[in-house]
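Each chain, written out:
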Amino acid sequence: IETVSKILLCVSTAANTALSSTAPPTVRIIHSGNACNVEEERHTERVYTIREGETLELTCLVTGHPRPQIRWTKTAGSVSDRFQDSSVFNETLHIQKIQRTQGGRYYCKAENGLGSPAIKSIRVDVYYLDDPVVTVHQSIGEAKEQFYYERTVFLRCVANSNPPVRYSWHRGREVLTQGSDKGVEIYEPFFTQGETKILKLKNLRPQDYANYSCIASVRNVCGIPDRSVVFKLTNKTASPSIKLLVEDPIVVNPGQTVSLVCINTGGEPPPILTWVSANDSLPQRSVVNGGTLTLPSITSDEAGIYSCVASNNVGNPAKKSTTIVVRALNRGRFWITPDPYHNDDNIQIGREVKISCQVEATPPEELTFSWLKNGRALRSSERMVITQTDPDISPGTTNLDIIDLKFTDFGTYTCVAALKGGGIPDFSIDVNISSTTVPPNLTVPRGKSPLVAREGDTVELECLVSGKPKPIILWSRADKEAPMPDGSMQMESLDGVLRIVNVSRDMGGSYRCQTSQYNGFNVKPREAMVELIVQYPPTVEPVFMEMRQGLGRPVVMTCRVLRAHPSRVLRFEWLLSNRLLHAGAFDAQKDETEYTIRSLNKEGWGEYTCNIINEAGAGKCTFQVTGKAYPPEFYYDTYSPLWQNRPRVYGFKLQWTQMNPSAVDRIIAYRLGIRQQRWWETEIPVNATPNKGELMTHNLTELIKPESYEIRLTPITRFGEGDSAIRIITYSRNLLLLCSSPGEFHCSFEEEAICMFIQDKNDDFDWTQHSAATRDTKYTPNTGPSADRTGSKQGFYMYIETSRPRKEGDQARLISPFFNVAPKNPYGITNPPAYCFSFFYHMYGKHIGTLNAFLKQKGLTASEAPVWSLSGNQGDRWRQAKVSIHPTSSFQVILEGIRGPGIEGDIAIDDVTLEEGGCRDPPPSESLPNTHSTSQPTLPLPFFFF
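Residues numbered from 1 in each chain as written. Predicted model: local features only at pLDDT ≥ 70, side-chain atom pairs only at ≥ 80, totals over all residues. Heavy atoms only, no water.

Enquirer: Tell me about the overall build of the protein, and please be specific about residues and values.
Expert: For the protein, the helix and strand inventory stands at 2 helices and 71 strands. Sequence-distant contacts in the protein: of pairs separated by 6 or more residues, those separated by 24 or more amount to 70%. Carbon and sulfur atoms form 48% of the exposed surface of the protein, whose accessible area is close to 48600 Å². (Helix = DSSP H or I, 4+ residues; strand = E, 2+ residues; numbered from the N terminus. Contact = heavy atoms within 4.5 Å. Areas by Shrake-Rupley, 256 points an atom, 1.4 Å probe, with all protein chains shown as cover.)

Here you go:
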């Protein structure tokens, strides 16, 4: 409580208008996670290498105000060009256990509506190595006119990998190389481009029968170990052969249990048996036991081709297949064809009539038909001709031709379908032939077209069908190529009624009902049309709009009609919280209605509703009139947002702008809330009206390291509290250094991160973080410090170890993080600001070399002269160096230690500081021999680039 109280009391507020706070976005990608290598700017691209299964973490650092929206996308993936959700809206992209298919180029896009979006990309290369596989192939060539055979064996090794794999072969413990054995050749086929390695054994010899090892290696990149496989070659090595102990095809009834047995008949090493189906996957209920596949209670869906595959990596796999056929009698249908020689659709005495019956059967060759008349068997005769189509040519169809129809032929004819194998119930269809058997006719009942309905209703479209037998009715859309309500292009109806539930406006139009030739007469289809009209209430805009306005100002609300059916709108009404304000007839010449508040008062705040009404209902526009202020927009590009007051606390410079400050009444204060475990609040008074884009500042102090805090900022007007903005303040040395200006930077190298200093990759050796308590002085007792700069043996510092294998002239460079240079105006830096760079050094030993300090400035070229340099033994004590620098853009400081002529030459540094303003009290020149710095340089010092 005391700490938070201090935070709320130790604050200051200021409005800064010198800077234009709005800025287009910039973006930079930084990486963490488990990368094994990151190549920066290689051919203008960044390549991030990671081992499969590790964690990928990419963070998009953005600047710009208002805060840009960040979007991650991905292309060039081997499986999918995008994420499952197509993109990720988050600053950090986190992928656990990354897979090879997730490699590719990742883009970070930031936009805030100002200028063009900022886009950066990084290519993620996923490294992996699978277990190698050895396959063996043999060729036997007969030499003409000679009594011997040449047997050549090829051992091929393949492993999936990234980067490309390298192979090596061993025979027993012997390493095989090209030329090491005349009977052995090692080569890579041209078409594989190094992805395989073939070992060729020419004209097999007794010594060639041995254990062969293929070792696949990616040279230990990303710590991926080598992988190997062993193959034993003997005089019995042979490709697999198998036999199926089943018939082909196997015809069974539904519900039977089917067992397919496959056995090995040859092959060395012993082949492995697997079962596959034509659908790639076996049925879920199937059971595999060795070479036996069991399908319990088989169904028609499980019918198909099943294959047994044997593989032992020698030669080609052996494969045998069989087909399972499950007996079934499927849908049956019939149709009646009147005498084709007369232009009449009716059945008449003395003329021919044909009854056709069609049934889908499996297997079709087992299908048989029989006919009954009035329940008695009917045989083919001169007047009753029974025929059957060839099932191999067309689906099973039987026809009964009645020649010279007589009155005694009237009755019920039954078509019976059966399968020869039995076990399946017979399928029968009854067809009645009588004087009442007439072709169909379609009509639409009176009053059923056009049919008017309201959106959301349930409607029934009806076509009356007469005739005997009654055919199936087919419904379809007649006026457009559009699907039916169920999504199909055609729907069937047995009673001629099409029922549509929850009808929508796009379902209006013309519908066609049509007779089907099946289960009826085989005559020209009859059809009729039904018109459906769907009425719906007016569609209006805006459906909802928030209108923020200050007291005493006018407010104009407009509700617009987009479409309606019927289009004639009857009336409108305006309401405030269910209280009628205004109503009337809608002007047909306009498509909108308006309501105006000439001078807004407190009673005018609330929810306004405009109802525009037609016969089908009402469309509603809603307006929320309020004096609530818009939320503030936090400014994330603050120079030096974090700073360190004392070892255990830190401060934060909170900055923001106000969104649309003139839209409502003047903002009189902000309510600041701070939460770590509970909320604490205070008010920040605002004396003057904030302008659009004006940057406001609020300093928070006494924040406890390394705690994070949630900050809530709420504007206050005469209306009351406005919308809040929330952000998280997190203590992070990375953020402290990456985002800071150099004014308050201090590093004592106490933490493992060493204040984000990095080792130069192009030098000879590295600086080392150490303390006197842990440093080994066995070999160099007369050099290096005995404590850190404060005298503590537990404190840490950085030093160069000059013992062997170091040699004279070797260089070690330590590079600081980037520091921003705060511009005094938005158009750039005309007068470079001065900064004081200081550090403590310890240079004790008779072989001391040189300590240099350089300035590396972004975007400039310069000579390689250091801004500070010192050489030789300076005694067993810590001394301070100071130098003024004048950077014009973001910069880094580089400390370089150079090894002298011997091992007693350790150099140490501690307490590196950067402060705004020139150095006030630089050390006297006599205490800093060989230094190139001056107390007050008048020109910018030279910059050094690596």
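Structure shown, so let's carry the discussion forward.
Enquirer: For the environment of E916, give the residues involved together with the corresponding values.
Expert: With respect to the helices, strands and loops of the structure, E916 is situated in strand β71 (residues 907-916). Spatially, the C-alpha atoms of E916 and F837 are 9.1 Å apart, while their sequence positions differ by 79 residues.

Enquirer: Could you give me a rundown of unusual backbone geometry, with the residues and numbers involved?
Expert: With an omega dihedral of 5 degrees, the bond running from H65 to P66 counts as a cis peptide bond. Tracing the backbone through its elements, the reader meets P66 in the loop between β5 (56-65) and β6 (69-75). Of note, the bond from H565 into P566 is cis; its omega dihedral lies within 30 degrees of zero at 0 degrees. Positionally, P566 belongs in the loop between β46 (555-565) and β47 (571-576).

Enquirer: So, the sheet that holds strand β2 (residues 23-33): which residues are in play, and what are the values?
Expert: Spatially, the 3 strands line up as an open sheet ordered β2-β5-β7, and their pairing is antiparallel. Strands at the two margins of the open sheet, each flanked by one partner only, are β2 and β7 (92-95). Between one strand and the next, the sheet's axes are offset by a mean angle of 15 degrees, whatever the strand orientation. (Pairing = 2+ DSSP bridges. Axes fitted to C-alpha atoms, helices over the stretch in contact; angles between N-to-C directions.)

Enquirer: Now, about the sheet that holds strand β24 (residues 292-295): what can you tell me, with residues and values included?
Expert: Taken in spatial order, the 4 strands make up an open sheet running β19-β21-β24-β23, and their pairing is antiparallel. The sheet terminates laterally at β19 (238-244) and β23 (287-289), the two strands that pair on one side only. Strand-to-strand twist in this sheet, taken as the mean axis angle between neighbours without regard to direction, amounts to 20 degrees. Sheet analysis places strand β21 (residues 258-268) next to β24, joined by 4 bridges and oriented antiparallel. Directly across from V261, in β24, lies its bridge partner T292.

Enquirer: For the state of the cysteines, give the residues involved together with the corresponding values.
Expert: Within this structure, the stated rule accounts for 8 disulfides. The disulfide partner of C357 is C415, and the S-S distance across this bridge is 2.2 Å. A torsion of -75 degrees about the S-S bond marks the disulfide between C357 and C415 as left-handed. With a gap of 58 residues between them, C357 in strand β28 (residues 353-362) and C415 in strand β33 (residues 411-419) connect regions that are remote in the sequence. Between C610, a cysteine without a disulfide, and C559, which holds the nearest cysteine sulfur, the sulfur-to-sulfur distance is 3.8 Å. Looking at C610, the relative accessible area reads 0%, which means it is buried. (Disulfide = S-S within 2.5 Å. Buried < 20%, exposed > 50% of the residue type's maximum accessible area, 1.4 Å probe, protein only.)

Enquirer: Lay out the pattern of salt bridges with the relevant residues and their values.
Expert: Scanning all chains against the criterion turns up 36 salt bridges. Measuring nitrogen to oxygen at the nearest pair gives 2.6 Å for the salt bridge that ties E91 to R67. Within this pair, whereas E91 is found in the loop between β6 and β7, its partner R67 is found in the loop between β5 and β6, the two being separated by 24 residues in sequence. Taking the shortest distance from any N to any O, the salt bridge between E185 and K202 comes out at 3.3 Å. Highlighted residues: E185 in strand β15 (residues 184-187) and K202 in the loop between β16 (196-201) and β17 (211-217), separated in sequence by 17 residues. Classification of K202 as partly exposed rests on a relative accessible area of 29%. The network of salt bridges with shared partners includes R171, E174, D181, R205 and D208. (Salt bridge = Lys/Arg side-chain N within 4 Å of Asp/Glu carboxyl O.)

Enquirer: Go over the nonpolar core with me, naming the residues and quoting the values.
Expert: Grouped together as the largest cluster of nonpolar side chains are 35 residues, with contacts concentrated most on F837 and F839. Top element by residues in this core is strand β66 (residues 835-843). It accounts for 5 residues. Ignoring any residue separated from it by four or fewer positions in sequence, one finds F837 in contact with A853, A881, K882, V883, I885, V893, L895, V912, T913, L914 and C919. Ranked by size, the runner-up nonpolar core spans 27 residues in total, among them L367, L405, A417 and V523. (Core = buried A, V, L, I, M, F, W, Y, C linked by side-chain atoms within 4.5 Å.)

Enquirer: Please provide a residue-by-residue account of the pairing of strand β37 (residues 459-462), values included.
Expert: Burial along β37 is one-sided: the face carrying V459 and L461 is buried and the face carrying E460 and E462 is not. Note that β37 and strand β41 (residues 497-500) share 4 bridges and pair antiparallel. The residue of β41 that forms the bridge with E462 is V497.

Enquirer: Hey, could you go over the packing of aromatic side chains for me, with residue numbers and the actual values?
Expert: For the structure on display, the rule yields 14 aromatic pairs. Relative to F891, the ring of Y835 lies with its centre 6.1 Å away and its plane at 40 degrees, an arrangement referred to as tilted. Of this pair, Y835 sits in strand β66 while F891 is found in strand β70 (residues 891-898), placing the two residues 56 residues apart along the sequence. Summarising the burial analysis for this pair, Y835 and F891 share the class buried. In this structure, R100 packs its charged tip against the face of Y128, placed 3.7 Å from the ring centre. Here the basic side chain of R712 rests over the ring of W679, its NZ or CZ set 4.0 Å away from the ring centre. (Phe/Tyr/Trp six-rings, centres within 6.5 Å; stacked < 30°, edge-to-face > 60°. Lys NZ or Arg CZ within 6 Å of the ring centre and 35° of its normal.)

Enquirer: Outline the side chain of R727, supporting the account with residue identities and numerical values.
Expert: For R727, the position within the fold is in strand β60 (residues 725-729). No salt bridge is formed by the buried R727. Its closest oppositely charged neighbour is E91, at 8.1 Å. In contact with R727, other than residues within four places in its own chain, are F634, Y635, Y636, F652, L654, Y709, E710 and I711. (Lys, Arg positive; Asp, Glu negative; His and termini not counted.)

Enquirer: Just give me the short version of the pairing of β47, but keep the residues and values in it.
Expert: Where β47 meets strand β48 (residues 579-585), 6 bridges bridge the pair, whose relative direction is antiparallel. Each residue of the ladder has a partner; that of W574, found in β48, is H582. Between β47 and β48, which pair antiparallel in sequence order, lie 2 residues; one of them, S577, sits at a positive phi of approximately 50 degrees.

Enquirer: Describe in detail the side chain of D910, supporting the description with residues and values.
Expert: Note that D910 resides in strand β71. At 5.8 Å, R789 is the nearest oppositely charged side chain to D910, a buried residue that forms no salt bridge. Not counting residues within four places of it along the chain, the set of residues in contact with D910 comprises S748, F749, D788, R789, F796, Y797, F839, F840 and W878.

Enquirer: Describe the environment of I70, listing the residues and the values that go with them.
Expert: Here I70 lies in strand β6. Considering only alpha carbons, one finds I70 and E91, 21 residues apart in sequence, at a separation of 6.2 Å.

Enquirer: Please set out the environment of E592 residue by residue, giving values where relevant.
Expert: Mapped onto the elements of the fold, E592 is located in strand β49 (residues 592-597). Not counting chain neighbours up to four residues away, the residues in contact with E592 comprise T558, C559, R560 and F586. A polar contact of 3.2 Å, which involves the side chain of E592, links it to the side chain of R560. (Polar contact = N/O pair within 3.5 Å; in protein donor to acceptor, adjacent residues only side chain to side chain.)

Enquirer: Just give me the short version of the confidence of the model for the protein, but keep the residues and values in it.
Expert: For the protein, the average pLDDT comes to 83, and 86% of its residues sit at 70 or higher. pLDDT under 50 marks residues 1-19. Its contacts with residues more than four places away, or in other chains, come to 40 contacts. Every residue in residues 76-86 scores below 50 in pLDDT, and together they form 22 contacts with partners more than four places removed in sequence or on other chains. (pLDDT = per-residue confidence, 0-100.)

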